[in-house]
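So the chains spell out like this:
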Amino acid sequence: MTSHTYLNELFSLDGTVAVVTGGSSGIGRSVAGALARSGASVVVVARKEAGLRATVDELTADGCRAAWVNADLGTRAAVREAADRAAGVFGEPDILVNCAGVNLRPPMGELDDAVWDTTMAVNLEAPYLLGQRFGPGMAERGFGRIIHITSQQAHRAFVQSGAYGVSKGALESLARSQAEAWSPYGVTCNTLVPGFVMTPLNARLSSDPEKVAALAARTMTGRNGLAEDFAGAAVFLASRASAYVTGQSLFVDGGLSVH
Ligand SMILES: NC(=O)c1ccc[n+]([C@@H]2O[C@H](COP(=O)([O-])OP(=O)(O)OC[C@H]3O[C@@H](n4cnc5c(N)ncnc54)[C@H](OP(=O)(O)O)[C@@H]3O)[C@@H](O)[C@H]2O)c1
């Protein structure tokens, strides 16, 4: 057996369908690209058409199968509609990546209902609803992979965690509940936990060189994260290779959380 055949057996996503929310920017765009280049037909879901179009154009130019669905995942009705439209492109997904997220973190005392509601709707309810929509089908077909993107704040308070930390902590619990329900049927559910990653989500913090350097120094690798750092971990969790890994949180943070 050649190394190529062996790696293919472990990691190839040929013939699979993936839905990646937040797949038009940052970590989600990197993950969508990694899954598509590994053979999956990928549907990216987000609000703004420009980013969606640019992502899909890049992937199709690379010979991948990719498409986009524009939707605001901030209401239940829109999430359900987006799920139907996403499944309508290449068929019901084998892989669901919940990466769309908002990062609204006013000081705790100033946290109002609107911030709480938006944070819970996009960061927690949308992943839950998409899981309810796609998880049972995956279980019925005997294969599925659900991957959520959480945060350091799922594990500890860190720079005004507020509602954001609550949503990410609950998302890790959701992964465990989903794993308990569907792992017997070949559907694994895990989370990827970033550290500080230089993406548009962090534009404010990224523009402060002193803070960026201080955060880099807290890692073990001596640098902050890049969206590309998530490609390998995402392919692993989406592939057959991770069949016995479920209900887990995989930290992709340069050692930040254990330093
Ligand atoms: N960057 C970090 O340091 C870091 C650290 C920990 C965790 N994370 C998590 O990683 C995930 C990705 O973040 P990122 O840093 O890659 O940010 P990003 O580059 O800003 O990407 C966020 C993505 O989510 C989409 N999105 C946001 N709100 C949406 C909504 N209401 N409906 C549909 N799509 C929506 C955005 O597209 P549209 O704006 O077009 O909708 C975009 O595609 C998030 O869940 C975030 O919490 C990031």
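This is a predicted model, so every value here is computed, not measured.

Basis of the calculations
Residues numbered from 1 in each chain as written. Predicted model: local features only at pLDDT ≥ 70, side-chain atom pairs only at ≥ 80, totals over all residues. Near = placed C-beta within 6 Å. Helix = DSSP H or I, 4+ residues; strand = E, 2+ residues; numbered from the N terminus. Nonpolar A, V, L, I, M, F, W, Y, C, P; charged D, E, K, R; others polar. Expected span 1.5 Å × (residues − 1). Bend = angle between axes of the 7 residues up to and from the residue. Axes fitted to C-alpha atoms, helices over the stretch in contact; angles between N-to-C directions. Parallel < 35°, antiparallel > 145°, perpendicular 65-115°, else oblique. Contact = placed C-beta atoms within 7 Å. Pairing = 2+ DSSP bridges. UniProt positions renumbered as here; feature names shortened; annotations may be inferred. Buried ≥ 20, exposed ≤ 12 C-beta atoms within 10 Å, placed from the backbone. Right-handed = clockwise from strand over helix to strand, strands pointing away. Core = buried A, V, L, I, M, F, W, Y, C linked by C-beta atoms within 7 Å.

S.K.: Would you explain the site of the ligand in this entry?
M.R.: Neighbouring the ligand are 28 residues; Gly22, Gly26, Arg47, Gly101 and Leu201 lie closest to it. With 3 residues, helix H2 (residues 26-37) is the largest single contributor of residues to the shell around the ligand. Grouping the constituent residues of the shell around the ligand by class yields 13 nonpolar, 12 polar and 3 charged.

S.K.: Sorry, what's going on with helix H5 (residues 113-141) here?
M.R.: Quick reminder: α-helices carry 3.6 residues per turn. Residues three or four places apart thus point the same way. With 29 residues, H5 ought to run about 42 Å at 1.5 Å a step, and its terminal C-alpha atoms sit 40 Å apart, in line with that. Along H5, the sharpest change in direction is near 40 degrees and occurs at Glu125; proline Pro127 comes one to four residues later. Phi turns positive one or two residues past the end of H5, at Gly142, with a value near 85 degrees.

S.K.: Sorry, what's going on with the packing of H5 against helix H6 (residues 162-182) here?
M.R.: Packed helix pairs are characterised by how far apart their axes lie and by the angle those axes make with each other. Packing of H5 against H6 leaves a shortest axis separation of 9 Å and a crossing angle of 10 degrees. As judged from the angle between their axes, H5 and H6 are roughly parallel. Here Val115, Trp116, Thr119, Met120, Asn123, Leu124, Pro127, Tyr128, Gly131, Gly135, Met138 and Ala139 of H5 come into contact with H6, specifically with Ala163, Tyr164, Ser167, Lys168, Ala170, Leu171, Leu174, Gln178 and Trp182. Split into classes, the residues belonging to the contact of H5 with H6 amount to 14 nonpolar, 6 polar and 1 charged.

S.K.: In this structure, what is going on with the sheet that holds strand E4 (residues 95-98)? I would like to understand it.
M.R.: What holds strands together in a sheet is hydrogen bonding between their backbones, with the strands either parallel or antiparallel. Pairing in this open sheet of 7 strands is parallel, and the strands run E3-E2-E1-E4-E5-E6-E7 from one edge to the other. At either margin of the open sheet sits one strand with a lone partner, and together these are strand E3 (66-70) and strand E7 (249-252). Taken pair by pair, the neighbouring strands of this sheet meet at an average axis angle of 20 degrees, ignoring direction. Bridge count between strand E5 (residues 144-149) and strand E6 (residues 187-194): 6 bridges; the pairing is parallel.

S.K.: Looking at this model, I keep getting lost on the UniProt feature "domain: Ketoreductase" (unreviewed entry) in the protein. Mind explaining?
M.R.: Annotation from UniProt places "domain: Ketoreductase" (unreviewed entry) at residues 16-185. Taken end to end, residues 16-185 is 53% helix and 15% strand, and its first and last C-alpha atoms sit 17 Å apart.

S.K.: Hey, could you run me through unusual backbone geometry in this one?
M.R.: Glycine aside, a negative phi is what most residues show, and trans is what most peptide bonds show. At Val159, a position not held by glycine, the phi torsion is positive, near 50 degrees. Along the polypeptide, Val159 turns up in the loop between E5 and H6. You can call Val159 partly exposed: it has 14 C-beta atoms within 10 Å. The phi torsion at Gln160 lies on the positive side, around 55 degrees, for a residue other than glycine. As for its placement among the helices and strands, Gln160 is situated in the loop between E5 and H6.

S.K.: Help me understand the pairing of E4 in this model?
M.R.: Neither face of E4 is left uncovered, since the one carrying Ile95 and Val97 and the one carrying Leu96 and Asn98 both have all their residues buried. As paired elements, E4 and E5 share 4 bridges and run parallel to each other. Directly across from Ile95, in E5, lies its bridge partner Arg145. In the classification by handedness, the crossover that spans E4, the intervening H5 and the parallel E5 is right-handed.

S.K.: Any chance you could explain the nonpolar core here in plain terms?
M.R.: With 64 residues, the main nonpolar core has Ala18, Val20, Val31, Leu35, Val42, Val44 and Ala234 as its most contacted residues. When near neighbours in sequence (up to four residues on either side) are disregarded, Ala18 contacts Leu35, Ala40, Val42, Pro93, Asp94, Ile95, Val97 and Ala238.

S.K.: Which parts of the structure should I look at to understand the pairing of E6?
M.R.: Two faces belong to every sheet, and in a regular strand the side chains alternate between them. With 8 of 8 residues buried, E6 lies mostly within the body of the structure. The alternating pattern of E6 places Val187, Cys189, Thr191 and Val193 on one face and Thr188, Asn190, Leu192 and Pro194 on the opposite face, and all of these are buried. At this point the chain moves from E5, through H6, to the parallel E6, and the crossover so formed is right-handed. Taken together, the 4 bridges between E6 and E7 define a ladder with parallel strand orientation. Residue pairing for E7: Leu192 is matched across the bridge by Leu250.

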